[in-house]
Amino acid sequence: MNLDTAPDPATADQTAAAPDAGAEPVQRRTIQELPDELISQIAAGEVVERPASVVRELVDNALDAGARQVTVKLMGGGVRQILVEDDGCGIPVPELPLALKRHATSKIRSLDDLEHVGTMGFRGEALAAIASVSDMSVASRTPHDAHAHRLDARSGELTPAARAVGTSVEARELFFNTPARRKFLKSDATELAHCLEAVRRHALARPEVGFAVWHEGKLVEQLRAGTPAQRLQDVLGDEFVRTSREVDLQIGPMRVHGRAGLPDAARSRADWQYCYVNGRYVRDKLISHGVRSAYEDVLHGSRQPTYVLFIEIDPERVDVNVHPTKIEVRFRDSREVHQAVRKAVEATLARSRAGAEAAPLMPDLARAAAEAPDPAPGPSQASDTVSWSGANRTQSALPWARPAGTTAPEQRWAGWPAAAGTPTAPLATTPDPFADLALPRVVARTDGEVDATQPMTYAHAASRPLEVAEGVPGALLATASGPGHTASPASNDNTGHEEWPLGRAIGQIGGIYVLAENAKGMVIVDMHAAHERVVYERLKAQLAQARLESQPLLIPLTFAASPAEIATAETAREALTELGLDIDAIGPGKLAVRAVPAALAQADGVELARSVLAELAQLDASHVVQRAQHELLATMACHGAVRANRQLTLTEMNALLRDMEATERADQCNHGRPTWRQLTLRELDALFMRGR
């Protein structure tokens, strides 16, 4: 029996049951080819979703033609008219009719060309698809032509036209012949916003090309050709440039570069996330996950990071022929790309902002301060003394001297681990800190009789070290040296404190915040959040140096698994072993967990296995184990950090500031909250209206 003419089983059942139900038999339709116009309209359903899709495809063609200036003119948000003009190489007259045919292109010739494609377009579907759902015309002129020619897509009529070298493509009345699709379009303002976003995506990747967008005869966007830095500023504004950092990492033949926003600049929406692969804007879950994982312990809540990333990779290692709109790609080694993106962004975020230009504490106040004239020199600016008019006497500027009997800031108190490269007092021998990652239990201080809610004096605080119960690594949260410890002689040397990014401590507010003075003005530090990050980063560093031990289970944990989970467990056995997991198939639809990471022995082994297998299946890489370990470390650091109402000495405050300057990601605590803020002298002047 011919399979093409065989009735569908469901149809056959319905036909067989028809006599009993009194219904007429279903009339079978013959198989036949679809007309070209209907084929193009079906293709347009994939390529042309809204006016912004037309703008994207036409700008792609303009850039592939070598344009240095692209102008987009819109009417009615792009629904009534879209006109894209460029100054590229143009289309020869004999090729104009061919350009409107499906799968006709000048960009590839063979499968080898497809595997090494370096142009924005290559499928040869865009113009045919747009012509099928709009009233379209193309006008073009090459450098060798005396004048331009215009081709009407509906009639096929070719007529002379006037224009400079380049190409103009005009699409009028989008979806005029498919009214149902036109009903799904939004307001003109919304469609215009989508068109502008499509142009900006191209503009970020091609700073050497100028772009202009007109709507209803008015210029709404103009981006002049310039440097990448200038283009970034023109598209995303000064705020993004000021609150982001450069990313640049070369891993083998792949390079990841661009800019990543600081955690403080995170937004409620993911609208400032741009990623490009070989100059092509893409939306890829693997890349997004890699970036998000780099922000894991520095973002607060569900905030979204901001970034513009460019990935340069061998075209052979990426397949761009995945989606009709070319907005999705597939990598040959997805794990390699995921790791590269994560490492590049992590390396950028690891650099503490303490040594860079700080974001203003109050942006509105900062703007007012920038606009205000410099205050007139007063007594406090003319000299280093402050006049006391009431007492008719002068007080010299207060020098910073350490209280007698205190240690220098470089000698950390035992409750804070020293920064890398800083000598510390010998630590008591402790067991392997990661042999048992039980959560810490903070206990009472040494004498236990003091009301913890009452602020303590500096002297009392210095004599009462913080004790932590078993389960917290002793090397990380060690107690003071003991009653036999003697402080080094005090030193009044204040040399170099102006070079400290976080300055020198001058006091405490409410037992919570540390006030410090640096060259820019005043620094406010949340001492618990800051100390929490310092301890957390040291715990992570020790974990990274430790080998990930595997804990065999006396009784394996079995669970029902899907075919995808079973396949992943078999193909990713090596990756699972590296993560400390031993997972085997024990029968149809069943997996057994025989070993788990020793640090997570008390965790739910089945849930851990499912999470790891899900990430391995989707991303070819898993950070579930590391994420779970870091969550434990974050809890330990939170419970082990110095608490509110703990009165610190100036020496201890300065020790914390120096540790922050030497600690990665010290700008946020483990929960993504900021640890410090800068209030500049200009902002203080504006606050008190000095010079006005």
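If you're wondering where the values come from, they're calculated on a predicted model, not measured in any experiment. (Residues numbered from 1 in each chain as written. Predicted model: local features only at pLDDT ≥ 70, side-chain atom pairs only at ≥ 80, totals over all residues. Heavy atoms only, no water.)

Draft legend 1. Spatial organisation of helix α16 (residues 563-571). Listed in full, the buried residues belonging to α16 are Glu 565, Ile 566, Thr 568 and Ala 569. Buried residues along α16 cover an arc of 165° about the axis, so they all sit on one side. α16 presents Pro 563 and Thr 571 as exposed residues on the side facing more than 90 degrees away from its buried surface. (Buried < 20%, exposed > 50% of the residue type's maximum accessible area, 1.4 Å probe, protein only. Helix = DSSP H or I, 4+ residues; strand = E, 2+ residues; numbered from the N terminus. Arc of directions from axis to C-beta.)

Draft legend 2. Quick peek at the confidence of the model for the chain. Per-chain confidence: the chain averages 76 in pLDDT, with 74% of residues scoring 70 or above. In this model residues 357-362 is a low-confidence stretch, pLDDT under 50, and it forms 19 contacts with partners more than four residues away in sequence or in other chains. (pLDDT = per-residue confidence, 0-100. Contact = heavy atoms within 4.5 Å.)

Draft legend 3. Representation of the environment of Glu 316. In this structure, Glu 316 sits in the loop between β13 (307-312) and β14 (318-319). As for Glu 316 and His 116, which are separated by 200 residues in sequence, their C-alpha atoms are 5.9 Å apart. Setting aside anything within four residues of it in sequence, one finds Glu 316 in contact with Glu 115, His 116 and Arg 332.

Draft legend 4. View of the nonpolar core. Within the largest apolar cluster, 55 residues are counted, with the highest numbers of intra-cluster contacts made by Val 48, Val 70, Val 72 and Phe 211. It is helix α8 (residues 188-205) that provides the largest number of residues to this core, a total of eight residues. Setting aside its immediate chain neighbours within four residues, Val 70 contacts Val 59, Ala 62, Leu 63, Val 84, Glu 85, Val 209, Gly 210, Phe 211 and Ala 212. Core analysis: the second largest hydrophobic core is formed by 32 residues, Val 117, Val 256, Val 282 and Tyr 307 among them. (Core = buried A, V, L, I, M, F, W, Y, C linked by side-chain atoms within 4.5 Å.)

Draft legend 5. Up close: the sheet that holds strand β23 (residues 590-597). Spatially, the three strands line up as an open sheet ordered β21-β23-β22, and their pairing is antiparallel. At either margin of the open sheet sits one strand with a lone partner, and together these are β21 (550-560) and β22 (582-587). Strand-to-strand twist in this sheet, taken as the mean axis angle between neighbours without regard to direction, amounts to 20°. Where β22 and β23 come together, five bridges link them in antiparallel fashion. (Pairing = 2+ DSSP bridges. Axes fitted to C-alpha atoms, helices over the stretch in contact; angles between N-to-C directions.)

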